[in-house]
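# Geometric and topological summary
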Amino acid sequence: MTQHLADALPTATGTTPGWWRDAVIYQVYPRSFADSNGDGMGDLEGIRSRLPYLKELGVDAVWLSPFYASPQADAGYDVADYRAIDPMFGTLHDADAVIREAHGLGLRIIVDLVPNHCSDQHEWFKQALREGPGTPLRERFHFRPGQGEDGELPPNDWESIFGGPAWTRVADGEWYLHLFAPEQPDFNWEHPAVQDEFRSILRFWLDLGADGFRIDVAHGLVKAPGLPDLGRDEQLKLLGNQVLPFFDQDGVHEIYRSWRRVLDEYAGDRIGVAEAWTPSAERTALYLRHDELHQAFNFHYLSTGWDAEALRGAIDDSLDSMRPVGAPTTWVLSNHDVVRHRTRFGSLDRARAAALLMLALPGSAYVYQGEELGLPEVVDLPDEVRQDPSFFKANGQDGLRDGCRVPIPWSGEQAPYGFGTGGSWLPQPAEWAGLSVEAQTGDPESTLELYRAALRIRRAHPALGAGDAVEWLPAPEGVLAFRRGDFVCTANTTGAPVRLPAPGTALLASAALAEPDVLPADSTVWWQG
C-alpha cells in the first residue's frame, strides 16, 4: 500500500473568498481525543496539547463536539448550561486557551451547538416543572395534555429517535416532547424567548473567538402546526427520505436567517454548518441560501456505498443541488454517529481509496478523528461499558455509536496508547498499538502518511479544493475518472485490477502501482494530467 508522489508539485496562487468553501475540517470528539489529567476521559487541555498534530496533519479547522455543562445522558448533547464547560472537560479558561492556541497555529475552531433540545437539568426546564401547567416557562417547551380518558396516552404518535414514544409524562399529568432521550426536552422555537436566548448564546461564543457553529439537528427546530400524528410506526426508517411533521419544516429557515445576521456582525468569516437530515439534496440546499447558513453535511454521500455508479450519482446530485444556491458541497465518510467507513466498506484498502476520492472532490471535506489512522469500528464492546442511550432502547438507533467513539491511540504498545495515564472510558483493542500516531508516523505505507500527503497536495494544487463541478472521463465499468483542470482522479471500486491508460504522472495512490496503466483493486490514484 505505497503511495507515489511526484517530485514536484505546483504552488497554489491566489485565494478563494470564504475559507469554508474548500476547508478540510477535522472533527474532535472531546471525550475520546486526548486525556490530560488521567481520569480516562478526554478533555480540553488534552485537545489543546494535540493541536500541533492537527496543524501538521494539514487540516484547516477543528470542529469540537459538545463540551458544555451536562449530565451526559447523551454524551453532552443534553446541555444544562450553554455558557459553561462541563468539569469533566475543564473550564471556560481551558476553552479560551484552545481557541487562542488554535488561532495561533492558523486553525479555526467550530463549536457544536445543540438548539433543538436541552437537558432536563437546564434551569428553564426545572423551573417549568416546578411552576406547573399553563405557566410561562412551560411555553418554552412542548408541554401538552395526554389523550385517553385520564390523559394516560401520549399527545400524538411521534416516536423518539432513540426508541419508544417521543413523550414523557410528568407528575402533574402533562406530557413533554423529546425527539431524542427523555432527558432531552425539545425547545418550542415558536417562543420569542427561545429565539432571543440562542442569539445571545451565539454572541457569547463568537465573542470568545469561535469561528463558527456546527448546528445539531438543524432540521428539527420547528414542528408542524398542531403536532399532527404521523400515522405509522417505525418512524426512524423514514428519516432522511420522507417529509415528517417534526423535521425539515419550512419555518426553520427564518431562524437561520436571523442567525446569519448575527454571524455577519463579526469579522473573520464566521460560519454556520447544518446537520440537516432532509428527504433530498435539493431540500438540504435550502439551508444554504445566501442569507442562511454556509455549509450542510452531505448525508446523501455519507450513506452511499463503495460502488462507482452510486458514487457518481451522489456526486452529481450533490454538486447539482448546491450550484443554484452558490454553496460549497461538503463530503464526509465518518462521524461520531455512524459506523466507521473502514468497517462499513469492508476493508482498509477501500477506506483509503474512499478518502482520496473524497479529498479530490470540489468543496469542503470533513475528517473524523482516527479515520486518518485507518481505525476500524470496535464491534465487540461489552454491554456493560456501553453508554449510547439508543443501545438501551427498543426500536431506536442501532446502539452501535459507542464503537466509533473509542479513544484514539497516540503511542505505545499497551492501552491506553498515549491517550492518557489513567485508562480510557471505553476499552481499546489490542491491535490498535500498530495503528497509533507514533507507529504510523514516518511509514510511507501508513494511512496517516497517506492523509498527510493528500492534504499537502490538496493545499498546494490549484485545481483542488473549491469548485462546483467535475469533468467526467471515460472509464471501464466500476471505475470513476474525472478531471479538474490539470488534475485527474481515478477510483477503482472493483475487487480486481483494471487496465486504464495513465492520464499523466502519478501524484498519490492509495495502493502500490505495479504498472502505471493498471489500477489496483479498490484503489484511488491522483494524477498530474
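Fair warning: this is a prediction, and the values are worked out from it, not measured in the lab. (Residues numbered from 1 in each chain as written. Predicted model: local features only at pLDDT ≥ 70, side-chain atom pairs only at ≥ 80, totals over all residues. Heavy atoms only, no water.)

## Looking at the environment of Val24
Note on placement: Val24 falls in strand β1 (residues 24-28). According to the relative accessible area criterion, Val24 is buried, its value standing at 2%. Along the primary structure Val24 and Tyr366 are separated by 342 residues, whereas in three dimensions their C-alpha atoms are 5.7 Å apart. Sequence-distant contacts of Val24, that is, excluding residues within four places in its chain, are made with Val59, Asp60, Ala61, Leu359, Ala365, Val367, Leu455 and Arg458. (Helix = DSSP H or I, 4+ residues; strand = E, 2+ residues; numbered from the N terminus. Buried < 20%, exposed > 50% of the residue type's maximum accessible area, 1.4 Å probe, protein only. Contact = heavy atoms within 4.5 Å.)

## Focus on the packing of helix α4 (residues 192-208) against helix α5 (residues 252-263)
The N-to-C vectors of α4 and α5 enclose an angle of 30°; their axes lie 10 Å apart at closest approach. With respect to α5, the axis of α4 lies roughly parallel. In the packing of α4 onto α5, the handedness of the crossing is right-handed. The residues of α5 that touch α4, namely those facing Phe198, Arg199, Leu202, Arg203 and Leu206, are Ser258, Trp259, Val262 and Leu263. Across the contact of α4 with α5, the residue classes tally to six nonpolar, one polar and two charged. (Axes fitted to C-alpha atoms, helices over the stretch in contact; angles between N-to-C directions. Parallel < 35°, antiparallel > 145°, perpendicular 65-115°, else oblique. Left-handed = near helix turned anticlockwise from the far one by under 90°. Nonpolar A, V, L, I, M, F, W, Y, C, P; charged D, E, K, R; others polar.)

## Some points on the pairing of strand β18 (residues 505-509)
Most of β18 sits out of view: four of its five residues are buried. Strand direction decides the pairing type here: β18 and strand β20 (residues 523-528), joined by four bridges, are antiparallel. Counted as the bridge partner of Leu508 is Trp526 from β20. (Pairing = 2+ DSSP bridges.)

## Remarks on the environment of Leu239
With respect to the secondary-structure elements, Leu239 resides in the loop between β9 (212-215) and α5. Residue class for Leu239 comes out partly exposed when judged on its relative accessible area of 21%. Between the C-alpha atoms of Leu239 and Thr278, which are 39 residues apart in sequence, the distance is 7.5 Å. Residues in contact with Leu239, not counting those within four places in the same chain, are Leu244, Phe247 and Trp277.

## Concerning the sheet that holds β20
Read across the sheet, five strands follow the order β14-β15-β16-β20-β18 without closing on themselves; strand pairing throughout is antiparallel. The strands lining the two open edges of the sheet, one partner per strand, are β14 (471-472) and β18. Strands β14 and β15 (479-484) of the sheet are contacted by helix α8 (residues 308-322), whose axis makes an angle of about 35° with β15. Those strands touched by helix α10 (residues 348-360) are β15, β16 (487-492), β18 and β20, and its axis lies near 40° from that of β20.

## Things to note about the sheet that holds β9
Strand order in the open sheet made by the eight strands is β11-β10-β9-β5-β2-β1-β13-β12, with parallel pairing throughout. This sheet does not close on itself; its edge strands, each paired only once, are β11 (295-296) and β12 (330-332). Together, β5 (108-113), β9 and β10 (271-274) form the strand contacts of α5, whose direction differs from that of β9 by roughly 160°.

## What about empty space enclosed by the protein?
One water molecule sets the probe size; rolling that probe over the atoms shows where empty space is left. Applying the stated rule across the entire model yields seven cavities of 30 Å³ or more. Approximately 80 Å³ is the volume found for the largest cavity. Listed by contribution, the elements that provide at least two residues to the lining of the largest cavity are α6 (281-285), α7 (299-302) and α8. Here the residues of the lining of the largest cavity are counted per class, giving six nonpolar, seven polar and no charged. Computed from the structure, the second largest cavity encloses a volume of approximately 60 Å³. Together, Gln27, Trp63, Arg214, Glu275, Phe297, Phe299, Val332, Ser334, Asn335, His336, Asp337 and Tyr366 line the second largest cavity. (1 Å grid on protein atoms, 1.4 Å probe; cavity = no way out; pocket = protein on both sides within 12 Å on 5 of 7 lines; lining within 4 Å. Points joined across faces, edges and corners; volume = space filled by probe spheres on them.)

## Quick word on the packing of aromatic side chains
A full pass over the atoms with the stated rule returns 32 aromatic pairs. When the centroid spacing of 6.2 Å and the interplanar angle of 80° are considered together, the rings of Trp63 and Tyr366 count as edge-to-face. Highlighted residues: Trp63 in strand β2 (residues 61-64) and Tyr366 in strand β13 (residues 364-368), separated in sequence by 303 residues. Note on Trp63: relative accessible area 3%, which makes it buried. Look at Phe125 and Tyr176: their rings are 4.9 Å apart centre to centre, the planes differ by 70°, and that puts the pair in the edge-to-face class. With Phe125 in helix α3 (residues 123-131) and Tyr176 in strand β8 (residues 175-177), this residue pair connects regions lying 51 residues apart in the sequence. (Phe/Tyr/Trp six-rings, centres within 6.5 Å; stacked < 30°, edge-to-face > 60°.)

## Digging into α4
The end-to-end C-alpha distance of α4, which contains 17 residues, comes to 25 Å, matching closely the 24 Å that a straight helix rising 1.5 Å per residue would cover. Looking at α4, one finds that the buried residues are Ala193, Val194, Glu197, Phe198, Ile201, Leu202, Trp205 and Leu206. Note on α4: the residue one or two positions beyond its end, Gly209, has a positive phi of about 115°. (Expected span 1.5 Å × (residues − 1).)

## Quick look at the confidence of the model for the protein
Within the protein, residue pLDDT values average 93, and 94% of them lie at 70 or more. Throughout residues 1-16 the model reports pLDDT below 50, and contacts reaching past four residues in sequence, or to other chains, amount to 48 contacts. (pLDDT = per-residue confidence, 0-100.)

## Some details on the side chain of Thr278
Inspection of the secondary structure assignment puts Thr278 in the loop between β10 and α6. We classify Thr278 as buried; its relative accessible area is 2%. In terms of polar contacts, Thr278 uses its side chain to reach the backbone carbonyl oxygen of Ser280, at 2.7 Å. Non-local contacts of Thr278, meaning those with residues more than four positions away in its chain, are made with Gly240, Asn241, Asp248, Arg283, Thr284, Tyr287 and His300. (Polar contact = N/O pair within 3.5 Å; in protein donor to acceptor, adjacent residues only side chain to side chain.)

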